[in-house]
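Structure at a glance
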Amino acid sequence: MKNFQPCNEQELLNRARLAAGYSFGEIANYLNIAIPANLNKQKGWVGNLIETFLGANAGSKAERDFANLGIELKTIPVNKQGKPLETTFVSVLPLMANHGVIWETSHVKYKLSKVLWIPIEGERSIPLAQRKVGHPILWTPTEQQEQQLKQDWQELMDMIVLGQIEKITACYGTYLQIRPKAANGKALTEAIGENGQIILTRPRGFYLKKSFTLQILQNANCYI
DNA sequence: GCGTGATCATAC
DNA sequence: GTATGATCACGC
């Protein structure tokens with residue numbers, strides 16, 4: 001059972017439902033994984049824990065977690081009211097070679113075409129080992145949600161192509177935002193500058209704002 | 001450095 | 001209390 005791998009959507013969903021209600025400590029013990037005192041130095045620990053339990057295998061490839069099923073896995077920390085505590089990272093931001101790219105073939109649309117959301121207790125007042133896994137939500141964007149994302153994506157990508165990357169802050173975008181995504185402040189990557197020249201800037205990523213993920217959780221009538 | 005997994009921590 | 005900008009760990 002420890003090497004579980006889902007062959008189809010239903011198996012994955014059943015496995016995810018099985019985890020619901022259990023604490024991170026219980027699942028980590030079952031998988032023989034060490035539990036850190038906190039997430040300060042292992043921010044992706046819970047995500048990796050759930051990935052392992054559900055049999056995801058994409059590793060660090062730019063691929064969905066369950067490539068054969070076309071499903072992306074995302075844990076989302078929530079408070080006691082079931083509301084998101086953090087934004088959700090989607091993908092790195094392509095800063096170069098964006099001539100002619102369109103929403104339909106973008107990484108954002110691809111990654112978010114089908115997502116298995118796993119709400120997890122995220123309040124820091126709860127010891128990590130005691131935080132529990134919530135009920136899974138298998139989600140595909142509604143027509144309206146996709147339009148919302150497409151609109152933000154279009155606006156932001158237009159700015160990047162036009163050399164406005166340094167003007168973009170997390171405030172841009174209604175539901176999709178751009179923020180730094182790097183090992184530290186020294187990381188640099190190429191981008192288009194104001195005059196069309198190549199500049200070096202901090203790597204960035206697309207994130208879903210909490211107002212967007214809140215809709216997903218509420219529409220699913222989620223509780224933990 | 002890039003892309004995976006994200007949350008931290010400080011300014012507001 | 002919370003959002004933005006910064007950061008942690010890992011494989012390659």
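Structure: above.
For the structure given in this document, a descriptive report is provided here. (Residues numbered from 1 in each chain as written. Chains lettered and ligands numbered in written order. Predicted model: local features only at pLDDT ≥ 70, side-chain atom pairs only at ≥ 80, totals over all residues. Heavy atoms only, no water.)

**What to know about the sheet that holds strand S2 (residues 88-92)**
One key point about sheets: their strands pair by backbone hydrogen bonds, in either a parallel or an antiparallel sense. Pairing is antiparallel in the open sheet, where three strands are placed in the order S2-S8-S5. Each edge of the open sheet is held by one strand with a lone partner, namely S2 and strand S5 (176-180). Averaged over all adjacent pairs, the angle separating strand axes in this sheet is 40 degrees, with direction ignored. With five bridges joining them, S5 and strand S8 (residues 204-208) adopt antiparallel strand pairing. Directly across from Arg-179, in S8, lies its bridge partner Gly-205. Set on the sheet, helix H5 (residues 143-161) makes contact with S5 and S8; between it and S5 the angle comes to about 45 degrees. (Pairing = 2+ DSSP bridges. Helix = DSSP H or I, 4+ residues; strand = E, 2+ residues; numbered from the N terminus. Axes fitted to C-alpha atoms, helices over the stretch in contact; angles between N-to-C directions. Contact = heavy atoms within 4.5 Å.)

**Brief notes about the sheet that holds strand S4 (residues 137-139)**
With respect to topology, three strands assemble into an open sheet ordered S1-S3-S4, the strand pairing being mixed. Here the strands that pair on one side only, and so sit at the sheet edges, are strand S1 (72-78) and S4. Averaged over all adjacent pairs, the angle separating strand axes in this sheet is 30 degrees, with direction ignored. The sheet contact formed by S1 and strand S3 (residues 115-121) spans seven bridges and is parallel. Bridge pairing in S3 links Leu-73 to Leu-116. Packed on one face of the sheet, helix H1 (residues 9-19) meets S3 and S4 and runs near 5 degrees to S3.

**Describing the protein's contact with DNA strand B**
Residues in close proximity to DNA strand B total 27 residues, the closest being Lys-61, Lys-111, Lys-181, Thr-189 and Tyr-207. Restricting attention to atoms of DNA strand B within 4 Å of the protein, one finds that 64% of them are sugar or phosphate atoms. In the environment of DNA strand B, a base nitrogen lies 3.2 Å from a nitrogen or oxygen atom belonging to the side chain of Glu-86. Among the elements of the structure, helix H3 (45-54), S1 and S2 are those that each provide at least two residues to the surface near DNA strand B. Tallied by class, residues from the surface near DNA strand B come to eight nonpolar, eight polar and 11 charged. (Near = heavy atom within 4 Å. Polar contact = N/O pair within 3.5 Å; in protein donor to acceptor, adjacent residues only side chain to side chain. Nonpolar A, V, L, I, M, F, W, Y, C, P; charged D, E, K, R; others polar.)

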